[in-house]
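Survey of secondary and tertiary structure
What follows is each chain in one-letter form.
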Amino acid sequence: MDAINIIFVCESGLVSSVMGAKVLRDRLQKERLHVTVEMCRAKEIPRGTNFLIGPRQIVSHLQLDSACRVFAVDHLLAAASYDDLIDTIRNELMQSG
């Protein structure tokens, strides 16, 4: 895998994805994992997305590429909500580098 592509998704592409993406970025920085996190609306998910993260009520209904791994979050502002994603990213980076 060349680069890890994380998309944080919400319905409007505004408030919840901005807040959740900030918490995730801060957590990635704290863990010293250099990964880009972008945001988009649920209807605009780009092709080639490796990881999709967002509120459970949104991501559970999306039709996605089979290569995209989805992480549903119940509490967007709780750093611990991203534990599984952080562990997976760390493992991906260790395997590729």
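Going by the structure above, here's the rest.
As a starting point, this report considers the structure included with it.

1. Things to note about the packing of aromatic side chains
Counting across every chain of the model gives two aromatic pairs. Taking the centre distance of 6.4 Å and the plane angle of 50° together, the rings of phenylalanine 8 and tyrosine 82 count as tilted. In this pair, phenylalanine 8 sits in strand E1 (residues 5-10) while tyrosine 82 sits in the loop between strand E4 (69-73) and helix H3 (83-96), placing the two residues 74 residues apart along the sequence. When its relative accessible area of 0% is taken as the criterion, phenylalanine 8 is described as buried. Arranged with centres 5.9 Å apart and planes meeting at 40°, the rings of phenylalanine 51 and phenylalanine 71 form a pair that is tilted. In this pair, phenylalanine 51 is assigned in strand E3 (residues 51-55) and phenylalanine 71 in strand E4, connecting sequence segments 20 residues apart. The exposure class assigned to phenylalanine 51 is buried, which follows from its relative accessible area of 1%. Judged by relative accessible area, which is 16%, phenylalanine 71 ranks as buried.

2. As for the environment of isoleucine 89
Following the sequence through the fold, isoleucine 89 ends up in helix H3. Residues isoleucine 89 and glycine 48, spaced 41 residues apart in sequence, show a C-alpha to C-alpha distance of 16 Å.

3. Focus on the state of the cysteines
Applying the stated criterion across every chain yields a total of zero disulfides. Distance from the sulfur of cysteine 40, which forms no disulfide, to the nearest cysteine sulfur (cysteine 10) is 8.3 Å. Here cysteine 40 falls in the buried class, since its relative accessible area comes to 10%. Left unpaired, cysteine 68 is separated from the closest cysteine sulfur, that of cysteine 40, by 9.9 Å.

4. Remarks on the sheet that holds strand E2 (residues 36-41)
Working definition: the strands of a sheet are paired by backbone hydrogen bonds and lie parallel or antiparallel to each other. The strand order across the open sheet formed by four strands is E2-E1-E3-E4, and the pairing between neighbours is parallel. This sheet does not close on itself; its edge strands, each paired only once, are E2 and E4. When the angles between neighbouring strand axes are averaged without regard to direction, this sheet yields 25°. Note that E1 and E3 share three bridges and pair parallel. Following the sheet pairing, phenylalanine 8 is matched in E3 by isoleucine 53.

Definitions and cut-offs
- Residues numbered from 1 in each chain as written.
- Predicted model: local features only at pLDDT ≥ 70, side-chain atom pairs only at ≥ 80, totals over all residues.
- Heavy atoms only, no water.
- Phe/Tyr/Trp six-rings, centres within 6.5 Å; stacked < 30°, edge-to-face > 60°.
- Helix = DSSP H or I, 4+ residues; strand = E, 2+ residues; numbered from the N terminus.
- Buried < 20%, exposed > 50% of the residue type's maximum accessible area, 1.4 Å probe, protein only.
- Disulfide = S-S within 2.5 Å.
- Pairing = 2+ DSSP bridges.
- Axes fitted to C-alpha atoms, helices over the stretch in contact; angles between N-to-C directions.

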